[in-house]
Structures are given as C-alpha cells and as structure tokens.
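Listed below, chain by chain, are the residues.
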Amino acid sequence: MNTGLRITAYATAVAAAFGAAYAVGTNVDTVSKPVAHSEKKDHGGGHAEQGAEKKDAAPAGLQVSAQGYALDLRTPRAKAGERTDLRFTVLKESSRTPLKTYKKDHGKELHLIVASRDLTTYRHLHPTRAADGTWSVPATLPKAGDYRVFADFTPARAKQKVTLGTDLAVTGAYAAAELPPAKPTAKAGDGYEVRLDGGLKPGKPRELTLRVTRDGKPVTNLQPYLGAYGHLVALRAGDLAYLHVHPNGEVGDGATKPGPRVSFTATAPSTGAYRLFLDFKHEGTVRTAAFTVHTGGSGADTKTDTGTGSTTAPHGH
C-alpha cells in the first residue's frame, strides 16, 4: 500500500441533503459530539482498497442492487435513542437467495456504514453473519431522520468489490441540521484534536495529511486499527456518494510512522461539499474526527478550511 490509497467511489445513494444537511457486532459510531470507543481487540486489516474511479462512472453504492447482488434491509425502521438490531441479507439476484460466502477484506467479510443524511450521525459497523446468510448488528441511532446504510463486501468468487446502499428511517422528533462549517481542526474528545492539511480536487489525486495531537502534544504512538494507523471515509453532499480512502504506506513497512501524521491520497469524483470521517486508535480507544471540505471546479483547488466537529460516534468496532 505504498502507492497512495485513493478515494474510491464505493457508494451510496442519497437524497439531496448532503450539503445541508460508517464490529463484529458490538457498539456503534455517532457523529455530533466526539464519543470515545473502547476496544479490547484489534481486528487487523483495514477496509478495502479501491482504485481510482473511472471517468464518467457513477459512484458506487448509490444503488440497492448492482453487479448481480441486492441489499435486503430487514429492519427498514428504527426508533431514535433505542437500541435496534439491524438485520439484512445480501441476495443473489439470479436466484433471490442469500449470499453465504465472502472474501475477507482486512479481516472482515463485510463492512457496514450508517450515516444520517444531514451527516451529523455516523456509524462504522461490523455485523455478524448467521448460517442462513442473515447479517445483524446492534445500533443505537441518537436522532430521528433519514439515514443511508451501505454494505461493502466482496463475494467469494468475485474479482471486484460490491458496495450497495439503501435507506433507513429513524422515527422521533426531527429537526434537520445544516452541514457543519469547514474548519481546519476537529475535536475527538478527551483532549484529542486532529488538523487537516490539504484538500480535494475533482478528477485529480491530492494528498490529505491529518495530524493527531492530545492536549496540544503530538501523538507519536498511534495503534493499528484494522491494520492501519487511520481510516478515512468521505460522503458527498447531495447524494451521499460513498468514497473510501486509505492511508499511504502501511503498518510495519519500515517507513510508515505511528503518528502524529497520517496521510491519504484521494481523488474527488466531482465538485461539491464532502464530509470526511477519520477513525484512529490510541491507548486502546477508537476515536472519530469529522471535517467538512469543499471542492472547486476541475481547475480549482479545494477549500481546506475543514470541519471542526467530531461526530457523535460510539464506534461500532
């Protein structure tokens, strides 16, 4: 992975509110106030690496069915603030039967991302699969509204990764939130702060460097989380196109240091606003820092004043 891992349009289908408005079945990840996520075990391996998006190709994950598979969410509704077991299957479209065999990607057969359409709540979950092919994972979503659920996986006999997306309704009193403002730093709770340098540019790779500090001091002993010192997910405002980014270098390659800087190479598929979610691990706890980034036209550089809030996120790892 010394080749800069590039943002890949994994996917997501979303309604037009991004501009204003992601464990082996354990807890979850929210996004409004930074919430620490305790983790006793490392799951090894990061999320799937993807190549650059093909020119003119639609971002992946904007469809509930693609590449011969369909996402069947058995719990399309949940209640705000209450624990819900999210259950779903991946169906083979040819037979409408559940897919039961998967390739492991960085230690997991499937990665599940849940995000509110206003991008103020975010969960990255690793569900468990039953013998009949049904997946399940507990989640508590803090606020009412429309959510998008993304399943990221590779069938056992397939060569390409599949990312499918579908909607989840969370009931309760609802008030839409605006997209957090773009600022260069984001809090991650307990004195942790992350600074983002660099930006996104439509159609061209750009380096993003995130620097982790605690109480103003550089964190130089980040721990591997799913096989990397950091994981970055980006969601595009407007349609919640799901973009997955991976760090440059890898743990144990002799060159990649455990902080304070974690760098990524990413290519934005279009102009617009993006919400970036960085997951990192220190002293046994996984934390999330969130940023807002605006891209310009194809010839313009991105605004790198980035989001200041860490999202409400009990990590689902």
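As shown above, the structure is provided for reference.
Basis of the calculations
- Residues numbered from 1 in each chain as written.
- Predicted model: local features only at pLDDT ≥ 70, side-chain atom pairs only at ≥ 80, totals over all residues.
- Heavy atoms only, no water.
- Helix = DSSP H or I, 4+ residues; strand = E, 2+ residues; numbered from the N terminus.
- Buried < 20%, exposed > 50% of the residue type's maximum accessible area, 1.4 Å probe, protein only.
- Areas by Shrake-Rupley, 256 points an atom, 1.4 Å probe, with all protein chains shown as cover.
- Core = buried A, V, L, I, M, F, W, Y, C linked by side-chain atoms within 4.5 Å.
- Contact = heavy atoms within 4.5 Å.
- Salt bridge = Lys/Arg side-chain N within 4 Å of Asp/Glu carboxyl O.
- Pairing = 2+ DSSP bridges.

Draft legend 1. Just the overall build of the protein, in detail. Scanning the protein from N- to C-terminus turns up zero helices and 23 strands. Looking at the protein as a whole, 55% of its 317 residues qualify as buried. Roughly 12700 Å² of accessible area belongs to the protein as shown, and the carbon and sulfur atoms make up 48% of that amount.

Draft legend 2. Broad picture of unusual backbone geometry. At the junction of G259 and P260, the peptide bond is cis and its omega measures out at 0 degrees in the coordinates. When you line up the elements, P260 lands in the loop between β20 (242-245) and β21 (261-267). For D215, which is not a glycine, the phi torsion comes out positive at approximately 55 degrees. Its place among the elements puts D215 in the loop between β17 (205-214) and β18 (217-218).

Draft legend 3. Highlighting the nonpolar core. If you look at the biggest cluster of nonpolar residues, it comprises 27 residues, and the most contacted ones within it are V194, L200, L276, F280 and F291. Mapped by element, the contributors of at least two residues to this core are β16 (192-197), β17, β19 (231-236), β20, β21, β22 (272-282) and β23 (285-295). Among the elements that line this core, the one with the most residues is β22, at four residues. Counting 26 residues, the second-largest nonpolar core is a separate cluster that includes L99, L125, Y147 and L164.

Draft legend 4. Focus on the environment of A78. Relative to the elements of secondary structure, A78 occurs in strand β5 (residues 77-79). A relative accessible area of 8% means that A78 is categorised as buried. Sequence separation between A78 and A144 is 66 residues, and the spatial gap between their C-alpha atoms is 8.8 Å. The contacts of A78, once residues within four sequence positions are left out, are T84, L168, A169, V170 and T171.

Draft legend 5. Layout of the pattern of salt bridges. Tallying each qualifying case throughout the model produces 13 salt bridges. Here K143 makes a salt bridge to D118, at a shortest N to O gap of 2.9 Å. Placement of K143 in the loop between β12 (134-140) and β13 (145-155) and of D118 in the loop between β9 (110-116) and β10 (122-125) is noted, with a sequence separation of 25 residues between them. Ionic pairing is found between R214 and E283, a salt bridge with its closest N-O pair at 2.9 Å. You can see R214 sitting in strand β17 and its partner E283 sitting in the loop between β22 and β23, a full 69 residues away along the chain. One salt-bridge network, held together by shared partners, links D105, D152 and K161.

Draft legend 6. Summary view of the pairing of β12. Counting buried positions along β12 yields five of seven residues, so the element is predominantly enclosed. Note that strand β6 (residues 83-92) and β12 share seven bridges and pair antiparallel. The residue bridging F88 from the neighbouring strand is W135, located in β12. Pairing of strand β11 (residues 128-129) with β12, which is carried by two bridges, proceeds in the antiparallel orientation. Paired with R129 across the strands is W135, a residue of β12. In this antiparallel pair of consecutive strands, β11 and β12, the connection spans four residues, and G133 shows a positive phi of 95 degrees.

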